[in-house]
Amino acid sequence: MKKTLVALAVLSAAGVASAQSSVTLYGLADAYVGSINTKRTAPGASTSLRQNVINSGGFGSSRFGLTGGEDLGGGLKANFQLESGFDLSTGAGDTSSDGKSSVFSRQSWVGLSGGFGALKLGRMYSPYDEVKGLGAGAFNEIFAPANANVWASNNYIANPGNSIYYTTPTISGFSAALSYSFGENKTGPTGTPPNTDAGRIISMNARYAGGPVDVALSHQQEKANGAAANVKFTQLNASYDLSVVKLRAAFGQVKNGTTILFPVAPATTVAFNKSREFQVGVDVPLGSALTLSTGVAGGKLTLASGGEVKSTGFGIAAKYALSKRTFFYTGLLLAKNKGTGSREIKTDVFAAGVQHQF
């Protein structure tokens, strides 16, 4: 009888501990087979290349991670997340959007959450990135109409390290988030200090999600070493769910940035004063398992040298659910960038793939 009581007490204590603290292994495996054709035209020369590929991450970057938390009582919880990206087609490790190669290239943070909201320290996705894809068509992945354009708003750092992040609780559908990434690049007193603001990133968003409406305004500023001014990203995204279809729209603006601009100078990084972009899209459920999403995008980029580049894109994609965790997808992307002096680059992408979540 005593042994039975002791066993029951141990099992009871273990049950309480597991309810208070937990760790979950999760991941996503995504690969596709596709054909990518790129045609560049410039005065006196033109090139065309079609490449057949098996690539990773058509509908989301392949990844695995650990996440967990502990109930500290009184509504307060301790949380953490460690997440690493990888190329499923080669097995190679991923790098973060700020160019750092690390074990946990996507996320690595610890924090607290409760009635006050949530606080995180480490590497995590910025408030700007969290809502940026809200207005994109074609599922905001490789077939999204903006992806193959000179789309300057895609050149931001999505998951900066050395960051502190805070998000408010959601109140009547309203929420907001703010993060600050420290540059941490100062040298010793005997060295020549670099720009002490280099690497500093400030990011924020404000969002309303209630009923069929989801609207978010986001902003991010990045300071690069030697740059005269912050690169400023601003984005307004919205979606409206009509049940039979979901409408999406986005407008973005970037100031004081740089981009790799093939139409003007192949593989050369150039500075621009301002870039403005728009995109509209629609998601159409065609049954319990099949969804079609399409969209168009356009933009204009004004170079610091005085020229400009105009971009257009069309994307369409379909997703068919094979189960709750696995789906098949296929799609098409057509994009064109037209620069000065008859310089032009056209890109088309056709692919089909599968994604499994665990």
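The following refers to the structure shown. Given the structure is predicted, the values throughout are model-derived calculations rather than measurements.

It is worth spelling out the packing of aromatic side chains at this point. This structure, assessed with the given rule, holds eleven aromatic pairs. For the pair Phe174 and Tyr208, a centre-to-centre distance of 4.7 Å together with 45 degrees between the ring planes defines the contact as tilted. A residue pair is termed long-range when its members are at least 10 positions apart, and Phe174 in strand E8 (residues 174-181) and Tyr208 in strand E9 (residues 201-210) qualify at 34 residues. For Tyr208, a relative accessible area of 28% puts it in the partly exposed group. Taking 4.9 Å as the distance between ring centres and 75 degrees as the angle between the ring planes, the aromatic pair formed by Tyr180 and Phe182 counts as edge-to-face. Each residue in the set Phe59, Phe139, Phe143, Phe327 and Tyr329 is aromatic and connected to the rest through ring pairs, giving one cluster.

In this section: the pairing of strand E5 (residues 107-114). Alternating positions in E5 separate cleanly, Gln107, Trp109, Gly111 and Ser113 being buried on one face and Ser108, Val110, Leu112 and Gly114 remaining unburied on the opposite face. Sheet topology note: the strand E4 (residues 76-85)/E5 ladder contains seven bridges and is antiparallel. Across the sheet, residue Phe80 finds its bridge partner in E5, namely Val110. Sheet topology places E5 next to strand E6 (residues 117-123); seven bridges connect them, and they run antiparallel. Bridge pairing links Gly111 to Lys120 in E6. The turn linking E5 back onto E6 is made up of two residues.

Time to look at the pattern of salt bridges. Following the criterion strictly, the structure yields six salt bridges and no others. The closest approach of N and O atoms between Arg106 and Glu83, which form a salt bridge, is 2.6 Å. With Arg106 in the loop between E4 and E5 and Glu83 in strand E4, the pair connects residues that are 23 residues apart, well separated along the chain. Here the two residues Arg106 and Glu83 agree in accessibility, since each one is buried. Across the salt bridge formed by Arg207 and Asp214, the nearest N and O atoms sit 2.6 Å from each other. Under the relative-accessibility criterion, Asp214 is labelled buried at 12%.

The subject of this paragraph is a nonpolar patch on the surface. Taken together, Leu72, Leu76, Val110, Leu112, Phe116, Leu119, Leu121, Ile164, Tyr166, Tyr180 and Phe182 make up a surface patch of nonpolar side chains, about 890 Å² in accessible area. Those elements that place two or more of their residues in the nonpolar patch are E5, E6 and strand E7 (163-167). In this structure Leu76 comes out as partly exposed when scored by relative accessible area, which is 30%.

By secondary structure assignment, the location of Leu178 is in strand E8. Leu178 gets classed as partly exposed once you look at its relative accessible area, which sits at 46%. Setting aside anything within four residues of it in sequence, one finds Leu178 in contact with Pro127, Ile164, Tyr165, Tyr166, Ile202, Ser203 and Met204.

Before going further, it helps to spend a moment on the pairing of E4. Pairing between strand E3 (residues 63-73) and E4: ten bridges, direction antiparallel. Bridge pairing links Leu66 to Leu82 in E4. Here E3 folds back onto E4 in antiparallel fashion, the turn holding two residues, of which Gly74 has a positive phi close to 65 degrees.

Cut-offs used in this document
Residues numbered from 1 in each chain as written. Predicted model: local features only at pLDDT ≥ 70, side-chain atom pairs only at ≥ 80, totals over all residues. Heavy atoms only, no water. Phe/Tyr/Trp six-rings, centres within 6.5 Å; stacked < 30°, edge-to-face > 60°. Helix = DSSP H or I, 4+ residues; strand = E, 2+ residues; numbered from the N terminus. Buried < 20%, exposed > 50% of the residue type's maximum accessible area, 1.4 Å probe, protein only. Pairing = 2+ DSSP bridges. Salt bridge = Lys/Arg side-chain N within 4 Å of Asp/Glu carboxyl O. Patch = residues over 30% accessible without salt bridge, like charges linked within 9 Å, V, L, I, M, F, W, Y side chains within 5 Å. Areas by Shrake-Rupley, 256 points an atom, 1.4 Å probe, with all protein chains shown as cover. Contact = heavy atoms within 4.5 Å.

So, to be careful, I would describe these as geometric facts and stop short of saying anything about function.
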